[in-house]
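So the chains spell out like this:
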Amino acid sequence: MKRTIPVLAASALAVGLLAGCGTSSSADDAGGGKSAAGKKIVMLLNDQFDPYYLTLVAGAEAEAKKQGFEFSWQAPSTLDVASQTQLLQSVAARKPDGIIMSALDAKAMIAPMKQVMAQGIPIITVDADVADPSARLATVTSDGEAAGRLAAETMDKLLGGKGKVAFEGYTPGTSSTDARLRGWQEGLKQTGLEYVAERYDATDLTTIAGTVSAVLKRYPDLAGIFTNWTNPTLGAAQAVQAAGKSDQVKIVGFDASPDEVSLLKRGLVSALIIQKPGDMGVRAVSDLAAYLKDGTKPQSVSLDAVVATKENMNDPAVSAYFYKAGKQ
């Protein structure tokens, strides 16, 4: 029976994204050390619509309220280093007590972040870190390499240890997605799978689908594709379905946006490697709050991932990590 993919939510996946503030919250001091009254934490993320970031914000906002800090979040107008740098400098000029941010480029954001840290504004990175630890106070991320290895292990099980596989992912340079690719490459060495194609695109779904379509034509016997974040997962599913190969090509995707979960439920995606952005937001705010209250220097942490399949997706231990929908 022919299966179709629903129209993807343009607002959640737009390449040109709107700038501005997200929600904010504040509460009385939660106690311990210096008072949190009037202290402000700002979170800088890569867009305002991705369910992954909305879930991260929800965790951070709840923890900020618990800790007694004012909280707000913003995203740049476009997904590039210049825009993120400009936004970081603009936020720093308003002298928040601390910043939590996802670094768009592991190298290019080092200098701008060091400049802000030199002003006495501590930064904790979430989601994506920089290559120089001195550019921030600590980092709270997913263990990307472990997640990539988990993707390879999951694909190996889905294909019974044999078959040709490919990769479609984000343009190199962002630490989080780069780590997933490294883990995938290392994990494949422990399998009998044949790695035939590795492709990269930015965020545009049409471009991603076109790339995957070309790979499917070049390798008509392709058995699996690993995609290392939301948009490649959606674009690959679209291309595979259009080629009439949804039953032949297994897709192991990354993240758990509502669109991805829907594709998993319908069998158009075979598995999702899911991060824990809500937990990430809680930890980042908790660590920054402790530092601002009593100078406790946080330790960097990497969170593990969860594998969702059609068979286990209704298990509360798995579905609890599905990302939130809609702009908050």
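Residues numbered from 1 in each chain as written. Predicted model: local features only at pLDDT ≥ 70, side-chain atom pairs only at ≥ 80, totals over all residues. Heavy atoms only, no water.

Undergrad: If you had to explain the sheet that holds strand β11 (residues 271-274) to someone new, which residues and values would you point to?
TA: Reading across from one edge, β8-β7-β9-β10-β11-β13 is the order of the six strands in this open sheet, with mixed pairing throughout. The open sheet terminates on both sides in strands that have one partner only, identified here as β8 (194-201) and β13 (306-309). Strand-to-strand twist in this sheet, taken as the mean axis angle between neighbours without regard to direction, amounts to 15°. Judged from the five bridges that link them, strand β7 (residues 164-170) and strand β9 (residues 222-227) form a sheet pairing that is parallel. Residue pairing across strands places Glu168 opposite Thr227, the latter belonging to β9. (Pairing = 2+ DSSP bridges. Helix = DSSP H or I, 4+ residues; strand = E, 2+ residues; numbered from the N terminus. Axes fitted to C-alpha atoms, helices over the stretch in contact; angles between N-to-C directions.)

Undergrad: I'd like a description of the nonpolar core, backed by residues and values.
TA: Counting 58 residues, the largest nonpolar core has Ile41, Met43, Phe71, Ile100, Val126 and Leu222 as its most contacted members. Per-element accounting of this core gives the leading share, seven residues, to helix α2 (residues 51-67). What Ile41 contacts, discounting residues up to four positions off in sequence, is Phe69, Glu70, Phe71, Ser72, Gly98, Ile100, Val285, Leu288 and Leu292. (Core = buried A, V, L, I, M, F, W, Y, C linked by side-chain atoms within 4.5 Å. Buried < 20%, exposed > 50% of the residue type's maximum accessible area, 1.4 Å probe, protein only. Contact = heavy atoms within 4.5 Å.)

Undergrad: Summarise the environment of Gln299; cite the residues concerned and give the values.
TA: Within the secondary structure, Gln299 is located in the loop between α10 (277-294) and β12 (301-303). Using a relative accessible area of 60% as the deciding quantity, one classes Gln299 as exposed. Counting along the chain gives 12 residues from Gln299 to Asp287, while the straight-line C-alpha distance between them is 8.3 Å. For Gln299, the residues in contact, after removing those within four places along its chain, are Ala138, Arg283 and Asp287.

Undergrad: Tell me about the packing of aromatic side chains, residues and numbers included.
TA: Applying the stated criterion to the full structure yields eight aromatic pairs. Seen from their ring centres, Phe167 and Tyr200 are 6.0 Å apart, and the 65° between their planes marks the pair as edge-to-face. Of the two residues, Phe167 is situated in strand β7 and Tyr200 in strand β8; the sequence distance between them amounts to 33 residues. Of the residues examined, Phe167 reaches a relative accessible area of 2% and is grouped as buried. Look at Tyr200 and you get partly exposed, because its relative accessible area is 33%. Put simply, the rings of Phe167, Trp184, Tyr195, Tyr200, Phe226 and Phe254 touch in pairs and so form one group of aromatic residues. (Phe/Tyr/Trp six-rings, centres within 6.5 Å; stacked < 30°, edge-to-face > 60°.)

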